[in-house]
Amino acid sequence: DAKTTQPNSMESNEEEPVHLPCNHSTISGTDYIHWYRQLPSQGPEYVIHGLTSNVNNRMASLAIAEDRKSSTLILHRATLRDAAVYYCIRSQFGNEKLTFGTGTRLTIIP
Amino acid sequence: GAVVSQHPSRVICKSGTSVKIECRSLDFQATTMFWYRQFPKKSLMLMATSNEGSKATYEQGVEKDKFLINHASLTLSTLTVTSAHPEDSSFYICSARQGKWPSYNSPLHFGNGTRLTVT
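Residues numbered from 1 in each chain as written. Chains lettered and ligands numbered in written order. Predicted model: local features only at pLDDT ≥ 70, side-chain atom pairs only at ≥ 80, totals over all residues. Heavy atoms only, no water.

*Asks:* Residue-level account of the nonpolar core, with values.
*Replies:* Grouped together as the largest cluster of nonpolar side chains are 25 residues, with contacts concentrated most on Trp35(B), Tyr58(B), Phe67(B), Ile69(B), Leu79(B), Tyr92(B) and Leu116(B). Listing elements by their share of this core, those giving two or more residues are β2 (10–13), β3 (19–25), β4 (32–38), β5 (44–51), β7 (67–73), β8 (76–81), β9 (90–97) and β11 (114–118) of chain B. Counting 19 residues, the second largest nonpolar core, distinct from the first, contains Leu20(A), Ile33(A), Ile48(A) and Ile64(A). (Core = buried A, V, L, I, M, F, W, Y, C linked by side-chain atoms within 4.5 Å. Buried < 20%, exposed > 50% of the residue type's maximum accessible area, 1.4 Å probe, protein only. Helix = DSSP H or I, 4+ residues; strand = E, 2+ residues; numbered from the N terminus.)

Structural data, given as C-alpha coordinates:
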(Lines give C-alpha, C1' and ligand atoms only; values in the text may rest on other atoms or scores of the structure.)
Protein backbone atom coordinates (compact mmCIF):
# COMPACT_ATOMS: atom_id res chain seq x y z
CA ASP A 1 0.00 0.00 0.00
CA ALA A 2 1.49 3.29 -1.11
CA LYS A 3 0.85 5.17 2.11
CA THR A 4 0.94 8.92 2.52
CA THR A 5 -0.09 10.94 5.56
CA GLN A 6 -1.84 14.29 5.43
CA PRO A 7 -3.61 16.46 7.99
CA ASN A 8 -7.36 15.96 7.90
CA SER A 9 -8.12 19.64 7.53
CA MET A 10 -6.56 23.06 7.17
CA GLU A 11 -7.79 26.61 6.99
CA SER A 12 -6.30 29.57 5.25
CA ASN A 13 -7.23 33.15 4.62
CA GLU A 14 -8.15 34.25 1.16
CA GLU A 15 -5.33 35.79 -0.86
CA GLU A 16 -2.66 34.28 1.37
CA PRO A 17 -0.30 31.41 0.51
CA VAL A 18 -1.22 27.91 1.60
CA HIS A 19 1.24 25.15 2.39
CA LEU A 20 -0.26 21.67 2.39
CA PRO A 21 2.07 19.02 3.86
CA CYS A 22 2.34 15.37 2.99
CA ASN A 23 4.49 12.66 4.56
CA HIS A 24 5.61 9.67 2.53
CA SER A 25 8.40 8.25 4.63
CA THR A 26 8.48 4.86 2.89
CA ILE A 27 8.78 6.27 -0.61
CA SER A 28 11.09 4.46 -3.00
CA GLY A 29 13.47 6.06 -5.42
CA THR A 30 11.22 5.69 -8.47
CA ASP A 31 7.92 6.77 -6.88
CA TYR A 32 6.39 10.00 -8.10
CA ILE A 33 4.39 12.31 -5.87
CA HIS A 34 1.07 13.37 -7.34
CA TRP A 35 -1.37 15.94 -6.02
CA TYR A 36 -5.02 16.05 -6.94
CA ARG A 37 -7.87 18.08 -5.59
CA GLN A 38 -11.57 17.45 -5.52
CA LEU A 39 -14.21 20.13 -5.38
CA PRO A 40 -17.62 19.20 -4.04
CA SER A 41 -19.64 16.90 -6.30
CA GLN A 42 -16.90 16.75 -8.93
CA GLY A 43 -14.27 14.30 -10.00
CA PRO A 44 -10.71 14.92 -8.83
CA GLU A 45 -8.57 17.37 -10.74
CA TYR A 46 -4.87 16.96 -11.36
CA VAL A 47 -2.79 19.65 -9.68
CA ILE A 48 0.88 18.77 -9.98
CA HIS A 49 3.38 15.93 -9.72
CA GLY A 50 7.11 15.50 -9.30
CA LEU A 51 9.95 13.11 -8.55
CA THR A 52 12.85 14.89 -6.93
CA SER A 53 13.08 18.51 -7.97
CA ASN A 54 10.65 21.21 -7.03
CA VAL A 55 7.98 21.73 -9.66
CA ASN A 56 5.92 24.72 -10.65
CA ASN A 57 2.88 25.10 -12.85
CA ARG A 58 0.06 27.57 -13.28
CA MET A 59 -1.90 26.06 -10.42
CA ALA A 60 0.67 25.44 -7.72
CA SER A 61 4.19 24.61 -6.71
CA LEU A 62 5.45 21.33 -5.31
CA ALA A 63 8.36 21.35 -2.92
CA ILE A 64 9.90 17.93 -2.35
CA ALA A 65 12.21 17.39 0.60
CA GLU A 66 15.76 16.40 -0.16
CA ASP A 67 15.26 12.96 1.39
CA ARG A 68 11.92 12.71 -0.45
CA LYS A 69 10.14 11.60 2.69
CA SER A 70 7.83 14.56 2.60
CA SER A 71 6.50 17.17 0.23
CA THR A 72 4.51 20.37 0.35
CA LEU A 73 1.95 21.66 -2.07
CA ILE A 74 2.02 25.43 -2.25
CA LEU A 75 -0.88 27.53 -3.43
CA HIS A 76 0.67 30.94 -3.78
CA ARG A 77 -2.45 33.01 -3.33
CA ALA A 78 -5.53 31.16 -2.17
CA THR A 79 -8.94 32.02 -3.57
CA LEU A 80 -12.34 30.79 -2.48
CA ARG A 81 -12.32 28.46 -5.47
CA ASP A 82 -9.35 26.62 -3.99
CA ALA A 83 -11.53 25.21 -1.24
CA ALA A 84 -11.39 21.47 -1.86
CA VAL A 85 -10.04 18.18 -0.61
CA TYR A 86 -6.40 17.83 -1.60
CA TYR A 87 -4.92 14.38 -2.08
CA CYS A 88 -1.24 13.54 -2.02
CA ILE A 89 -0.57 10.20 -3.72
CA ARG A 90 2.48 8.10 -4.43
CA SER A 91 2.67 6.71 -7.92
CA GLN A 92 4.70 3.53 -7.95
CA PHE A 93 6.85 2.28 -10.78
CA GLY A 94 5.13 -0.55 -12.62
CA ASN A 95 1.78 0.20 -11.05
CA GLU A 96 -0.61 2.36 -13.01
CA LYS A 97 -3.19 2.50 -10.24
CA LEU A 98 -3.49 5.46 -7.92
CA THR A 99 -4.74 4.81 -4.41
CA PHE A 100 -6.38 7.73 -2.67
CA GLY A 101 -6.01 8.39 1.03
CA THR A 102 -8.27 10.64 3.06
CA GLY A 103 -6.70 13.88 1.91
CA THR A 104 -6.73 17.34 3.47
CA ARG A 105 -9.91 19.37 3.44
CA LEU A 106 -8.86 22.95 2.78
CA THR A 107 -11.18 25.73 3.89
CA ILE A 108 -10.57 29.24 2.64
CA ILE A 109 -11.71 32.04 4.90
CA PRO A 110 -12.91 35.17 3.11
CA GLY B 1 -5.75 19.50 -22.46
CA ALA B 2 -6.88 15.91 -22.02
CA VAL B 3 -10.51 15.54 -21.11
CA VAL B 4 -12.46 12.60 -19.79
CA SER B 5 -16.20 12.75 -20.25
CA GLN B 6 -18.58 10.75 -18.11
CA HIS B 7 -22.28 10.21 -18.74
CA PRO B 8 -24.78 10.46 -17.21
CA SER B 9 -23.89 12.88 -14.45
CA ARG B 10 -26.84 11.81 -12.39
CA VAL B 11 -29.18 8.83 -12.50
CA ILE B 12 -32.00 7.55 -10.36
CA CYS B 13 -33.14 3.99 -10.82
CA LYS B 14 -35.38 1.50 -9.14
CA SER B 15 -34.06 -1.38 -7.12
CA GLY B 16 -33.40 -4.42 -9.28
CA THR B 17 -32.71 -2.54 -12.50
CA SER B 18 -29.36 -2.09 -14.22
CA VAL B 19 -27.59 1.16 -14.96
CA LYS B 20 -24.84 1.81 -17.48
CA ILE B 21 -22.28 4.58 -17.03
CA GLU B 22 -20.07 5.66 -19.91
CA CYS B 23 -16.57 7.05 -19.72
CA ARG B 24 -14.90 8.53 -22.78
CA SER B 25 -11.47 9.95 -23.37
CA LEU B 26 -12.17 12.85 -25.70
CA ASP B 27 -8.80 13.77 -27.18
CA PHE B 28 -6.56 10.86 -26.41
CA GLN B 29 -6.54 7.10 -26.51
CA ALA B 30 -6.67 5.21 -23.27
CA THR B 31 -5.77 1.54 -23.16
CA THR B 32 -6.46 1.59 -19.46
CA MET B 33 -9.20 3.32 -17.52
CA PHE B 34 -9.97 3.21 -13.84
CA TRP B 35 -13.30 3.13 -12.06
CA TYR B 36 -13.68 4.54 -8.57
CA ARG B 37 -16.56 4.73 -6.15
CA GLN B 38 -16.98 7.37 -3.49
CA PHE B 39 -19.43 7.38 -0.60
CA PRO B 40 -20.42 10.67 1.08
CA LYS B 41 -17.62 12.27 3.07
CA LYS B 42 -15.27 9.44 2.14
CA SER B 43 -12.30 9.13 -0.15
CA LEU B 44 -12.27 7.50 -3.56
CA MET B 45 -12.07 3.72 -3.61
CA LEU B 46 -10.67 2.02 -6.67
CA MET B 47 -13.11 -0.57 -7.94
CA ALA B 48 -11.46 -1.89 -11.06
CA THR B 49 -9.03 -1.33 -13.88
CA SER B 50 -10.59 -1.42 -17.32
CA ASN B 51 -8.32 -2.80 -20.04
CA GLU B 52 -9.06 -2.22 -23.71
CA GLY B 53 -9.72 -5.50 -25.49
CA SER B 54 -9.40 -7.68 -22.41
CA LYS B 55 -11.04 -8.39 -19.09
CA ALA B 56 -11.15 -5.83 -16.35
CA THR B 57 -9.13 -6.31 -13.20
CA TYR B 58 -11.21 -5.93 -10.06
CA GLU B 59 -10.03 -4.86 -6.65
CA GLN B 60 -10.51 -7.18 -3.73
CA GLY B 61 -14.07 -7.20 -2.48
CA VAL B 62 -15.61 -5.82 -5.67
CA GLU B 63 -18.10 -8.19 -7.28
CA LYS B 64 -17.27 -8.57 -10.94
CA ASP B 65 -20.71 -9.95 -11.77
CA LYS B 66 -22.37 -6.97 -10.23
CA PHE B 67 -20.16 -4.29 -11.72
CA LEU B 68 -19.69 -5.22 -15.34
CA ILE B 69 -16.95 -3.35 -17.16
CA ASN B 70 -16.52 -3.24 -20.90
CA HIS B 71 -13.67 -1.44 -22.65
CA ALA B 72 -14.46 -2.05 -26.28
CA SER B 73 -12.48 0.79 -27.80
CA LEU B 74 -9.51 2.97 -27.00
CA THR B 75 -11.78 5.85 -26.04
CA LEU B 76 -14.73 4.22 -24.28
CA SER B 77 -15.19 2.21 -21.13
CA THR B 78 -18.56 1.40 -19.59
CA LEU B 79 -19.53 0.36 -16.10
CA THR B 80 -22.86 -1.41 -15.67
CA VAL B 81 -24.27 -1.75 -12.20
CA THR B 82 -26.47 -4.82 -12.47
CA SER B 83 -29.51 -5.47 -10.29
CA ALA B 84 -28.86 -2.28 -8.39
CA HIS B 85 -29.83 -1.98 -4.76
CA PRO B 86 -29.98 1.05 -2.47
CA GLU B 87 -26.56 0.20 -1.02
CA ASP B 88 -25.11 0.71 -4.52
CA SER B 89 -26.08 4.36 -4.34
CA SER B 90 -22.81 6.23 -4.63
CA PHE B 91 -20.70 8.59 -6.70
CA TYR B 92 -18.94 6.68 -9.48
CA ILE B 93 -15.91 8.26 -11.13
CA CYS B 94 -13.83 7.12 -14.06
CA SER B 95 -10.33 8.17 -14.98
CA ALA B 96 -7.75 7.62 -17.65
CA ARG B 97 -4.12 8.38 -18.15
CA GLN B 98 -2.71 9.98 -21.25
CA GLY B 99 0.72 8.81 -22.24
CA LYS B 100 2.71 5.83 -23.30
CA TRP B 101 3.98 3.08 -21.06
CA PRO B 102 5.38 3.44 -18.44
CA SER B 103 2.64 5.87 -17.62
CA TYR B 104 2.76 5.77 -13.84
CA ASN B 105 4.41 9.18 -13.93
CA SER B 106 1.67 10.73 -16.08
CA PRO B 107 -1.30 12.47 -14.50
CA LEU B 108 -4.71 10.83 -14.30
CA HIS B 109 -7.60 12.68 -15.86
CA PHE B 110 -10.95 12.21 -14.19
CA GLY B 111 -14.52 12.42 -15.36
CA ASN B 112 -16.97 14.56 -13.43
CA GLY B 113 -18.59 11.54 -11.87
CA THR B 114 -22.02 9.92 -11.92
CA ARG B 115 -24.23 10.16 -8.91
CA LEU B 116 -26.30 7.00 -8.73
CA THR B 117 -29.35 6.86 -6.51
CA VAL B 118 -31.17 3.54 -6.22
CA THR B 119 -34.67 3.77 -4.79
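*Asks:* Describe in detail the sheet that holds strand β8 (residues 84–91) of chain A, supporting the description with residues and values.
*Replies:* Residues and elements named next belong to chain A. Spatially, 5 strands are ordered β1-β9-β8-β3-β4 in an open sheet, and the strand pairing comes out mixed. Looking at the sheet topology across the chains shown, the edges are occupied by β1 (9–13) and β4 (45–50). Within the sheet, the average angular offset between the axes of one strand and its neighbour, ignoring direction, is 25 degrees. As paired elements, strand β3 (residues 32–38) and β4 share 5 bridges and run antiparallel to each other. When the bridges of β4 are listed, Tyr36 appears paired with Tyr46. (Pairing = 2+ DSSP bridges. Axes fitted to C-alpha atoms, helices over the stretch in contact; angles between N-to-C directions.)

*Asks:* I'd like a rundown of the environment of Thr30(A), residues and numbers included.
*Replies:* All names here are of chain A. One can find Thr30 in the loop between β2 (18–23) and β3. The partly exposed category is assigned to Thr30, whose relative accessible area is 39%. Thr30 sits 30 residues away from Ala60 along the chain, and the two C-alpha atoms are 22 Å apart.

*Asks:* I'd like a description of the side chain of Arg37(A), backed by residues and values.
*Replies:* Residues and elements named next belong to chain A. Note that Arg37 resides in strand β3. A distance of 2.8 Å separates the side chain of Arg37 from the side chain of Asp82, its partner in a polar contact. Apart from the residues within four sequence positions on either side, Arg37 is in contact with Gly43, Pro44, Glu45, Val47, Met59, Arg81, Asp82, Ala84, Val85 and Tyr86. (Polar contact = N/O pair within 3.5 Å; in protein donor to acceptor, adjacent residues only side chain to side chain. Contact = heavy atoms within 4.5 Å.)

*Asks:* Run through the packing of aromatic side chains, naming residues and quoting values.
*Replies:* Residues and elements named next belong to chain B. Per the stated rule, a full pass over the model turns up 8 aromatic pairs over all chains. Both rings, one in Phe67 and one in Tyr92, keep their centres 6.3 Å apart while their planes meet at 40 degrees; by these two values the pair is tilted. Of this pair, Phe67 sits in strand β7 while Tyr92 is found in strand β9, placing the two residues 25 residues apart along the sequence. The class for Tyr92 is buried, based on a relative accessible area of 0%. (Phe/Tyr/Trp six-rings, centres within 6.5 Å; stacked < 30°, edge-to-face > 60°.)

*Asks:* Account for the pattern of salt bridges, naming residues and giving values.
*Replies:* This structure, assessed with the given rule, holds 7 salt bridges over all chains. Among the salt bridges present, the one from Asp31(A) reaches Arg90(A), with a minimum N-O distance of 2.9 Å. Placement of Asp31(A) in the loop between β2 and β3 and of Arg90(A) in strand β8 is noted, with a sequence separation of 59 residues between them. What makes Arg90(A) buried here is its relative accessible area of 5%. Lys97(A) is paired through a salt bridge with Glu59(B); the nearest N and O atoms lie 3.0 Å apart. Of this pair, Lys97(A) sits in the loop between β8 and β9 (104–109) while Glu59(B) sits in the loop between β6 (57–58) and β7, each in a different chain. Classification of Glu59(B) as partly exposed rests on a relative accessible area of 21%. (Salt bridge = Lys/Arg side-chain N within 4 Å of Asp/Glu carboxyl O.)

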